[in-house]
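Here is what each chain is made of, one letter per residue.
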Amino acid sequence: MSKAVVFGSFVVDLMARSPHLPIPGETVKGSYFKMGPGGKGFNQCVAAHKAGSDVIMVTKLGKDAFGKVATDTMDSLKMQKDHLLFSDTEDTGIALILVDENTAQNEIIIVPCALNTITDEEVNGTEKIISDAEYVLLQLEVNQSANESIVKLAKRHNCKVIVNTAPYSPITEEFLSEIYMVTPNEVEVREITGVEVSDIESCDKAAKFFKEKGVEIVVITLGEMGAYVSTKERSAIIPSYKVNAVDTTGAGDAFNGALLAALTEGKDIFESVKFANAGAALSVQKYGTTPSMPDRKEIEKFIVAQSKKQAGIL
């Protein structure tokens, strides 16, 4: 099994559930509140770790009570903490999450705080772990200058860069040109390429945009449809697993983390996406983000059960 690094965000999730999402100016009485660990980078690293990957988390925290939420969670999951960064001046990031308890749809506001202050010196401090890794997974919740520096460092050491382009923010052609794989959703694809994806033909058009910039593999998550995959050889939509969702907040992170885990153990991209679809399907059946990430046994058991179901055995 190869090694991986997740370079990205940790935030404390402040999640409230209510009968519907408020419109501007409206106050809605909620039914449930929970505070816990989150952030796309952290969620994805937890998902990869629980799915069996040898993965290291690099993020930046404040020296505050919310930063302790990260370290306590990592201790409980037996994750490596050696490469955490700390700010002397900024607080740990937070996310305000509103969830519609009837539809499971959500609205999220991220306040990055320390995540916006990662320096080139701190990036250079990761060189040893990047040089030892086959993959590094990034998102767009930290200052983009740090992501750009990590990409250059990874390229120097032949480490393959995977970018989950969430939450959307503008990225340069130079940045895309050094990326091995992108994993956007439909909204991010539209923002980056201008293409509305709804079927394999439109996905092919969007993939062509990325490949012309230098990206080798394009994976587009399509919600209930599943996930589109495009390589040099072929493209296909890998169907999702049909489940009853209660909270979709962490689905994309579960997908990306499970995808990373599958890739590090040598699965091809199509099998890896099938594995990632299972991780996402399991996550939406639980509340929260980091706590909803499934473990390896859950994913394997789910895939076997779904295969039997499709074959008419169950």
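Per chain, the residues get numbers from 1 upward, laid out in the order the sequence is written. Totals for whole chains, interfaces and linings use all residues, but because this is a predicted model, local features are given only for residues with pLDDT of at least 70 and pairs of side-chain atoms are given and counted only at 80 or more. Only hydrogens and water are removed before side-chain values are computed, so all heavy atoms of the structure are retained for them.

1. Details of the overall build of the chain
Move 1: Along the chain, the regular secondary structure elements total 11 helices and 14 strands.
Move 2: Counting only C-alpha atoms and orienting by the principal axes, one finds that the chain spans roughly 55 × 50 × 40 Å.
Move 3: Taking contacts inside the chain between residues at least 6 apart in sequence as the whole, the part at least 24 apart equals 68%.
Move 4: Per-residue accessibility takes into account occlusion by the displayed protein chains alone, with areas from the Shrake-Rupley method and a 1.4 Å probe. Carbon and sulfur atoms provide 52% of the accessible area of the chain, an area that totals close to 13,900 Å². The way it works is that DSSP assigns letters per residue, a run of H or I at least four long becomes a helix, a run of E at least two long becomes a strand, and they are numbered from the N terminus. It only takes one pair of heavy atoms within 4.5 Å for two residues to be counted as in contact.

2. Side note on the packing of aromatic side chains
Centre-to-centre distance and the angle between the planes together describe a pair of aromatic rings.
Move 1: Each aromatic pair joins two rings of Phe, Tyr and Trp (for Trp, the six-membered one) with centres within 6.5 Å, and gets the label stacked for planes under 30 degrees apart, edge-to-face for over 60, and tilted for any other angle. All chains considered together, the criterion is met by 5 aromatic pairs.
Move 2: Ring geometry for tyrosine 32 and tyrosine 287: centres 6.4 Å apart, planes at 35 degrees, overall tilted. Taken together, the residues tyrosine 32 in strand E3 (residues 32–38) and tyrosine 287 in the loop between helix H10 (269–283) and helix H11 (296–310) connect sequence positions 255 residues apart.
Move 3: Relative accessible area serves as the criterion here: at 43%, tyrosine 287 is assigned to the partly exposed category.
Move 4: Aromatic pair tyrosine 241 and phenylalanine 302: ring centres 5.1 Å apart, planes at 75 degrees, arrangement edge-to-face. Residue tyrosine 241 is found in the loop between strand E14 (235–239) and helix H9 (251–264), and its partner phenylalanine 302 is found in helix H11; the two are separated by 61 residues along the sequence.
Move 5: Judged by relative accessible area, which is 10%, phenylalanine 302 ranks as buried.
Move 6: In this structure, lysine 160 packs its charged tip against the face of tyrosine 180, placed 5.0 Å from the ring centre. Accessibility here uses a 1.4 Å probe with only protein chains present; expressed as a share of the type maximum, an area under 20% marks a residue as buried, one over 50% as exposed, and anything in between as partly exposed. Two thresholds decide whether a charge sits over a ring: the Lys NZ or Arg CZ must be within 6 Å of the ring centre and within 35 degrees of the ring normal.

3. Quick look at the packing of H9 against H10
Each packed pair of helices is defined by two parameters, the angle between the axes and the distance between the axes.
Move 1: Taken N-terminus to C-terminus, the directions of H9 and H10 make an angle of 145 degrees; their axes are 7 Å apart at the nearest point. Relative to H10, H9 is oriented so that their crossing is right-handed. When H9 is examined against H10, the residues Ala251, Ala254, Phe255, Ala258, Leu259, Ala262 and Leu263 are found in contact with a partner set consisting of Ile269, Ser272, Val273, Phe275, Ala276, Asn277, Gly279, Ala280 and Ser283.
Move 2: Residue polarity follows a fixed list, in which Ala, Val, Leu, Ile, Met, Phe, Trp, Tyr, Cys and Pro are nonpolar, Asp, Glu, Lys and Arg are charged, and the others, Gly among them, are polar. Grouping the constituent residues of the contact of H9 with H10 by class yields 12 nonpolar, 4 polar and no charged. To obtain each axis, a line is fitted to C-alpha atoms, and for helices this fit is confined to the stretch in contact; angles are then taken between N-to-C directions over 0 to 180 degrees. Whether a crossing is left-handed or right-handed is set by the direction in which the near helix is turned from the far one by less than a right angle, anticlockwise for left-handed and clockwise for right-handed.

4. Thoughts on the nonpolar core
Move 1: Take the buried Ala, Val, Leu, Ile, Met, Phe, Trp, Tyr and Cys residues and link them wherever side-chain atoms come within 4.5 Å; each set so joined is a nonpolar core. Core analysis: the largest hydrophobic core is formed by 51 residues, its most contacted members being Met181, Val219, Phe255, Leu259, Leu260, Ile269 and Val273.
Move 2: With 9 residues, H10 is the single largest residue contributor to this core.
Move 3: Residues within four places of phenylalanine 255 in sequence aside, it is in contact with Val219, Thr221, Ala227, Val273, Ala276, Asn277 and Ala280.
Move 4: Within the second largest apolar cluster, 46 residues are counted, among which are Val11, Ala206, Val215 and Leu222.

5. Examining the sheet that holds strand E8 (residues 106–111)
Move 1: Spatially, E3-E2-E7-E8 is the arrangement adopted by the 4 strands of the open sheet, whose pairing is mixed. Strands with a single pairing partner mark the edges of an open sheet, and in this sheet they are E3 and E8. Averaged over neighbouring strand pairs, the angle between their axes works out to 15 degrees when direction is ignored.
Move 2: Sheet analysis places strand E2 (residues 11–18) next to E3, joined by 7 bridges and oriented antiparallel. The partner of arginine 17 across the bridge, within E3, is tyrosine 32. Note: two strands are recorded as paired if DSSP finds a minimum of 2 bridges between them.

6. Considering the pattern of salt bridges
Move 1: We define a salt bridge as a contact between a side-chain nitrogen of Lys or Arg and a carboxyl oxygen of Asp or Glu at a distance within 4 Å. Throughout the structure, instances matching the rule amount to 16 salt bridges.
Move 2: Two residues, lysine 286 and glutamate 298, come together in a salt bridge whose shortest N-O distance is 2.9 Å. One end of the pair, lysine 286, is in the loop between H10 and H11; the other, glutamate 298, is in helix H11, and 12 residues separate them in sequence.

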